Amino acid sequence: MSDESLNWERKPKGFIAKGVAPWAGFVVTLKTLFSKPVTEQYPFEKIEPYPRYHGRHQLNRYPDGLERCVGCELCAWACPADAISVHAEDNTPDEQYSPGERYGADYQINYLRCIFCGLCIEACPTRALTMTTDYELAGPDRAGMIYEKDQLLAPLADGMLAGPHPMAPGASDTDYYAGKVTGPAVEQIEWVRAHRPADPSVAGAARRAQEGVKR
Amino acid sequence: MSPVPALVTLRIDGVEVSVEPGTVIIRAAERAGIAIPRFCDHPLLAPVGACRQCLVDVASPGPDGALRAFPKPQAACTMPVSAGMEVHTAATSEAAASAERSVMELILATHPLDCPICDKAGECPLQNQAMSSGRDISRYTGSKRTYAKPIGLTAGILLDRERCVLCQRCTRFASEIAGDPFIALQGRGGSQQVGRFDPEVLGFAGHGEAAPGAPAAARAGLADPADAVTAELVPIGDTANLAPAAGPATTELPPVPEDSPTPGEAPGTALAADGTPFASYFAGNIVQLCPVGALTSTAYRFRSRPFDLVSTPSVAEHDSSCSAVRVDVRGGRVRRRLAGNDPAVNREWLSDKDRFAFAWQSLPERLTTPLIREGGILRQASWPEAIAAAAKGLAEADGVGVVPGGRLTIEDALAYSVVARTVLGTVDIDFRARPHSAEEARFLGQAVAGTGLGVTFDDLVSATRIVFVGFEPEEEGGIVYLRCREAVKAGATIVAIAPYASPGVRRLGGTLIQVVPGGEAAALDALADDAGAMAGTVILLGERLALSPGAFTSALAAERAGARVAWIPRRVGERGAVDAGCLPGPLRPALAAAIAEHGGAVGSAAADLEVPSATNPDGATDPDGVTNPDGTMGPGRPSGADGPVEPGSCAGRDTTAIFAAAMAGEIGGLLIAGVELGDLPNPAQARAGVERAFTVSLEVLPSAVTELADVVLPVAPPAEKPGTYVTWEGRMRPFPQVLVTTAMSDATVLAALAAKLGVPVDLSLTAAHAVLAEAAGAAETPIPAASPPDDPAPLEVTLPEDSVPSTQDPAAPENTIPPAEGSTPASYVPPSPVAGEALLATWHLALDAGRLGSGEPHLAATAKAPFAVLSRATAFEIDVRDGEPLQVSTAAGAIVVPVRIADIPDRVVWLPTNSPSCQVRATLGASAGIVHIEAAPTDQPEVHT
């Protein structure tokens, strides 16, 4: 405080500057009068945010349709707002939802609490949890703002086989993570066909598998 | 007492600390408040120096007094301190820090780092120490070892071998503490691993299919079939480190029968009936001990993270040891239980039943709403409606019997005791939902009720000889077994008075005094004849002694000869029920006075309990009143109550008499809590009694009683109420409410019932504690002798060992227990079975068909398969061979189980009391006596009732 150099004062304005100053602010106004308006007609015209926008979460899948989430709860642990709740369960031979031993059986994010900081995304060890650019998160009641796993799970992409189904033959959970599994295998498709004949994803998966063979 | 040894002074990181000689450096550092990372070190296990994580720089003075540094860092967990030693941990020595970092790096080089899918993550010493003394970034780029995972060690415990750091805590626990080494290190070098003697790993030849019911099958879909535990496994005998057994007038342990179905069995090892190595009752401890996530429990696997859990210290409800537990709750449900640390009771150990069997408290079928019977059908009702119906029925009933069962907290037991006597006006109350005798009731009244802390766990450990009479510590005592093992290691000898040497007794290196069922008294008398050996002897009496005439009398005679005697019931609430006066007949005066004082606000009820003058009208007229079942003179019966107590019945009906009276219509009402009809000595009679009488059942889970009851009032399981259990020692074990619910304790429900009956009584915890404190205080002063010969016995138990013989009243040598039903130990002759008949010997297995084990299939899968035991001669007599099915039958029904040949008296058959497919009381309707045995038709391997 006693340092003289800290005592800084603006130089007094000159004669011309004093005269122009009251009108200078209108420059912006004038420019805007003749430019295109930026108003977003939001409900009628949706704006696509930037790709890294922190929007609604998504639980991703491996290319063969198995879930990436192993229910480790690291996202819940990382969450500074305590918005995430995860319950893990055992994968069984009859119900294999994710590669390896465990999967996230129950996954909830409370969007009334979430602050979209993205720490959960950083914490996720399997890249299961990412954020989409979906920002339309509003609702009429509180309960509805707790998103369940079925709302968060990524939809099946073309050629994916709906779970549960066994892991790709010979593949370990590490192989999945390393990207060595590129699509549903014939054995997996046959398994689903045998256990859930009406599953709509079988046709697409079979087509994909065939294309894979051709390639 | 040996003089206190001089302390050794050393410096650790410059901090001077003085410890007892022989202390290892790591303990001394703890004393100085210096943390040294460790994995293998555990204060209750022998040092092993396996993990090398605790390396420190040590210099100690040589012969010339000059400090000489050890050339390399030393393991702090194995090196004892010496005077003048200078220790530098990683905090002050670069060499130690470097060693610590390097060891951590080596450990992590083979560790999978799969924390996201590992149960231990968040409470993992390896995680924590990797953070505190590891590197930031791994330099290891090679591939890590992988194993098929997980493999099942037991049905309840899974092993992920790649996570193991080979600290050997689990194997040391199994061999040192539990004494049933079902796991060991196998293989060498890089392929060394913990396992169950897996032939695949050990390279045995000729092993094929997996054993039936092999634990790995529980997770067959995940475990590699090659890892399935196979049938012929070779456990290691563990009798080497036990003191040799030596006792007077005893027979040495029989060798294993030569035609044993397990050729690889070493003497002294225990195998389950199916030939697989016995899965320990204490196996769950290794999950808690494991410093990494290599050992996990099937029930808890993937269920939770530490930060999800709310932990509450509590007390386990499965045996009378009342072990300290930590209950972990997530989302309003108990997820797991861990051993608490209570050096006086369970140290840091827990039986598997205490650890895993908690699901019964939250089963989906649990009773949640009151039910009342209307038109023969139970329907849901509101609480006021149900209480009103119960009150109306009980008030109209012509006499009420109260059977509170053996699983209550002492506060709840006291509530039953008070309600029975003041509100219902009856002395027909008996907690013993199992075979019982009048002799037992007298023993409990004299030597147990209100005697406070008697023989303790620490007394067991310091005993020179422990005698089991009618008691199987491993099956019936929970943590008592581990403390007995501790005693054996400290030099005690074990003597079992039993029909045959159970695996638990054999593993304790015990000596068997073989008796036929019912012959315990004579054996005890013979033992007590050697009075010189009785000092330092602790005699443990089990609940099945009630079936052995004269045994309790002999035990008290042995106590007068200098031994110390403890009664160890199987159920958690029995000791508390005794102290709370849940025995037929009047209350003991101290308790009656305390109830009268602290229940004084409740008006007329108090008057019923006032301590009578010496001229107790009932006691004076009734010879039974001379020695009340509580052992002392007390009020003959509540006088003012309107319940009809029949003349001459002031001693009260016991459980059997209550149900017999109910069946005969002499008693019109029953108040029953926590009782399984199948546990009762005569289930058929009890069922008929419940059917006939107006029955109010206070229960947690649906049972045969609730199905037949007229009013069912749901009460809280232990996790949902606060309370106090009493250990067999007499130690109070209060525990808090773990879960927040609206469920009410028995006492709360009874208070509402009493209020509805027009006799409001204060049954709150506060009142109960005041009563019990008052009664305990009064018990310390000598009780006035209304009947002189009966006086000294209650005080004997608390006398110091060395003063017992000299302070006894010489005028009353045989005073303690009047012979029951005219039989004396000398005159008791066991019935002699003819060929094709046998005397039934039976006791409960720790893991059986008991209701509190329900809902936990992984634990149930580790239970022993039921089997019968016969002597070779008897088996020959009825032409049944080892392993073949045996049919044991009475007029009531028949049980078929495989037979094992063992050294048991001829024409005696042993059966587990309540195992699946072998429910002795429910099927045979008998707990002792003569049963028919014959080789079962081979096409009927299952049970027929």
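The present account deals with the structure reproduced in this document. A quick note: this is a predicted structure, and the numbers were derived from the prediction, not measured.

## Focus: the overall build of chain B
- Assigned secondary structure in chain B consists of 29 helices and 35 strands.
- For chain B, buried positions account for 60% of its 945 residues.
- Considering only residue pairs separated by 6 or more positions, chain B has 72% of its internal contacts joining residues 24 or more positions apart.
- Counting only carbon and sulfur atoms, one obtains 57% of the accessible surface of chain B, whose full area is about 33900 Å².

## Details of the overall build of chain A
- Within chain A one finds eight helices and five strands.
- For 215 residues, the compact-globule estimate of 2.2 N^0.38 gives 17 Å, and the C-alpha radius of gyration of chain A, at 27 Å, exceeds that figure by more than 25%.
- Principal-axis analysis of the C-alpha atoms gives chain A an extent of 90 × 50 × 40 Å.
- In chain A, buried positions account for 38% of the 215 residues.
- Sequence-distant contacts in chain A: of pairs separated by 6 or more residues, those separated by 24 or more amount to 73%.
- Mean positive and mean negative side-chain charge positions of chain A (23 and 29 charges, respectively) differ by 11 Å.

## Describing the packing of aromatic side chains
- With the rule as written, the count across this model stands at 18 aromatic pairs over all chains.
- Here Y111 of chain A and F116 of chain A contribute two aromatic rings whose centre-to-centre distance is 5.7 Å and whose plane-to-plane angle is 15 degrees, an arrangement assigned as stacked.
- In this structure an aromatic cluster arises from ring pairing among Y500, W843, F867 and W910 of chain B.
- The ring centre of Y97 of chain A lies 5.6 Å from the NZ or CZ of K149 of chain A, which sits over that ring.
- Against the face of Y300 of chain B rests R336 of chain B, its NZ or CZ located 4.4 Å from the ring centre.

## Examining the nonpolar core
Residues and elements named next belong to chain B.
- Formed by 105 residues in total, the largest nonpolar core has its most connected members in F468 and L540.
- For this core, the element with the most residues is helix 13 (residues 480–489), which contributes six residues.
- For F468, the residues in contact, after removing those within four places along its chain, are P473, C484, I494, V495, A496, I497, V505, L508 and L540.
- In terms of nonpolar packing, the next biggest core, distinct from the first, is built from 86 residues, W360, V467, V495 and F552 among them.

## Thoughts on the interface of chain A and chain B
- Each side of the interface is counted separately: chain A has 16 residues, and chain B has 21 residues.
- Between chain A and chain B the total buried area reaches about 1600 Å² when both faces are included, carbon and sulfur atoms providing 54% of it.
- If you sort the residues of chain A by the area they bury against chain B, W77, E101 and R102 of chain A come out on top, with a joint share of 41%.
- The residue E73 of chain A makes a salt bridge to R330 of chain B at a minimum N-O spacing of 3.2 Å.
- Where chain A meets chain B, there are six residue pairs in polar contact (both at pLDDT 80 or more).
- Counting residues per element, the ones that place at least two in the side of chain A that touches chain B are helix 3 (74–78) and strand 2 (84–90) of chain A.
- Sorting elements by how many residues they give to the side of chain A that touches chain B places strand 2 of chain A first, with five residues.
- Within the side of chain A that touches chain B, the residues separate by chemical class into nine nonpolar, two polar and five charged.

## Some details on the side chain of R305 of chain B
- In this fold, R305 of chain B is placed in the loop between strand 11 (295–297) and strand 12 (310–315).
- No salt bridge is formed by the buried R305 of chain B, whose closest oppositely charged neighbour, E73 of chain A, lies at an N-O distance of 5.1 Å.
- Within the structure, the side chain of R305 of chain B is placed 2.7 Å from the backbone oxygen of C72 of chain A, a separation counted as a polar contact.
- Non-local contacts of R305 of chain B, meaning those with residues more than four positions away in its chain, are made with C72, E73 and R102 of chain A together with C115, P116, I117, C118, D119, A121 and Y300 of chain B.

## Remarks on helix 15 (residues 520–529) of chain B
Residue and element names in this part refer to chain B.
- Along helix 15, the residues that are buried comprise E520, A521, A523, L524, L527 and A528. Buried residues of helix 15, viewed axially, fall in a sector of 165 degrees; they line one side.
- Structurally, helix 15 contributes buried residues whose contacts are with strand 18 (465–469), strand 19 (493–498), strand 20 (511–514), strand 21 (537–541) and helix 16 (551–560).

## Quick look at the layout of surface pockets
- In this structure, the largest pocket encloses a volume near 1200 Å³.
- Lining the largest pocket are 31 residues, with S172, D173 and T174 of chain A together with I117 and K149 of chain B positioned closest to its centre.
- Considering every element that reaches the lining of the largest pocket, the biggest residue donor is helix 6 (residues 173–177) of chain A, with three residues.
- Within the lining of the largest pocket, the residues separate by chemical class into 14 nonpolar, seven polar and ten charged.

## Some words on helix 22 (residues 683–692) of chain B
Residues and elements named next belong to chain B.
- Inspection of helix 22 places P683, Q685, A686, G689 and V690 among the buried residues, and these make up the whole buried set. Angularly, the buried residues of helix 22 cover 160 degrees about the axis, an arc narrow enough to put them on a single face. Turned more than 90 degrees away from the buried face of helix 22 sit A684 and R692, all of them exposed.

## Here we look at empty space enclosed by the protein
All names here are of chain B.
- For the structure on display, the rule yields 14 cavities of 30 Å³ or more.
- Its boundaries defined by the atoms lining it, the largest cavity holds a volume of some 250 Å³.
- Lining the largest cavity are 21 residues, with W360, R407, G674, E699 and V700 sitting closest to its centre.
- A class-by-class count of the residues in the lining of the largest cavity yields 13 nonpolar, one polar and seven charged.

## As for the sheet that holds strand 3 (residues 102–110) of chain A
Residue and element names in this part refer to chain A.
- Read across the sheet, three strands follow the order 2-3-5 without closing on themselves; strand pairing throughout is antiparallel. Unpaired on one side and paired on the other, strand 2 and strand 5 (146–147) mark the two borders of the sheet.
- Where strand 2 and strand 3 come together, seven bridges link them in antiparallel fashion. Counted as the bridge partner of H87 is D106 from strand 3.

## Concerning the sheet that holds strand 12 of chain B
Residue and element names in this part refer to chain B.
- A sheet is described by the order of its strands in space; here three strands give the open sequence 12-13-14, paired in antiparallel fashion. For this open sheet the edge positions go to strand 12 and strand 14 (333–339), each flanked by a neighbour on one side alone. Strand-to-strand twist of the sheet, defined as the mean angle between neighbouring strand axes without regard to direction, takes the value 30 degrees.
- Here six bridges tie strand 12 to strand 13 (residues 324–330), and the two strands are oriented antiparallel to one another. When the bridges of strand 13 are listed, T312 appears paired with V327.

## Digging into unusual backbone geometry
- A cis amide bond, omega -5 degrees, links G163 of chain A with the succeeding residue P164 of chain A.
- Positionally, P164 of chain A belongs in the loop between helix 5 (149–152) and helix 6.
- Even without being a glycine, D82 of chain A presents a positive backbone phi close to 55 degrees.
- Along the chain, D82 of chain A falls in the loop between helix 3 and strand 2.
- Residue L166 of chain B is not a glycine yet carries a positive backbone phi of 55 degrees.
- Inspection of the secondary structure puts L166 of chain B in the loop between strand 8 (157–159) and helix 4 (169–178).

## Details of the side chain of Q361 of chain B
- Within the secondary structure, Q361 of chain B sits in the loop between helix 7 (352–356) and strand 15 (371–374).
- Within polar-contact distance, the side chain of Q361 of chain B engages the side chain of E317 of chain B at 2.8 Å.

Reading guide: rules and limits
- Residues numbered from 1 in each chain as written.
- Chains lettered and ligands numbered in written order.
- Predicted model: local features only at pLDDT ≥ 70, side-chain atom pairs only at ≥ 80, totals over all residues.
- Heavy atoms only, no water.
- Helix = DSSP H or I, 4+ residues; strand = E, 2+ residues; numbered from the N terminus.
- Buried < 20%, exposed > 50% of the residue type's maximum accessible area, 1.4 Å probe, protein only.
- Contact = heavy atoms within 4.5 Å.
- Areas by Shrake-Rupley, 256 points an atom, 1.4 Å probe, with all protein chains shown as cover.
- Rg over C-alpha atoms; globule rule 2.2 N^0.38 Å.
- Lys, Arg positive; Asp, Glu negative; His and termini not counted.
- Charge placed at Lys NZ, Arg CZ, Asp CG, Glu CD.
- Phe/Tyr/Trp six-rings, centres within 6.5 Å; stacked < 30°, edge-to-face > 60°.
- Lys NZ or Arg CZ within 6 Å of the ring centre and 35° of its normal.
- Core = buried A, V, L, I, M, F, W, Y, C linked by side-chain atoms within 4.5 Å.
- Buried area = accessible area lost by both parts, 1.4 Å probe.
- Salt bridge = Lys/Arg side-chain N within 4 Å of Asp/Glu carboxyl O.
- Polar contact = N/O pair within 3.5 Å; in protein donor to acceptor, adjacent residues only side chain to side chain.
- Nonpolar A, V, L, I, M, F, W, Y, C, P; charged D, E, K, R; others polar.
- Arc of directions from axis to C-beta.
- 1 Å grid on protein atoms, 1.4 Å probe; cavity = no way out; pocket = protein on both sides within 12 Å on 5 of 7 lines; lining within 4 Å.
- Points joined across faces, edges and corners; volume = space filled by probe spheres on them.
- Pairing = 2+ DSSP bridges.
- Axes fitted to C-alpha atoms, helices over the stretch in contact; angles between N-to-C directions.

These figures come from the coordinates and say nothing about function on their own.
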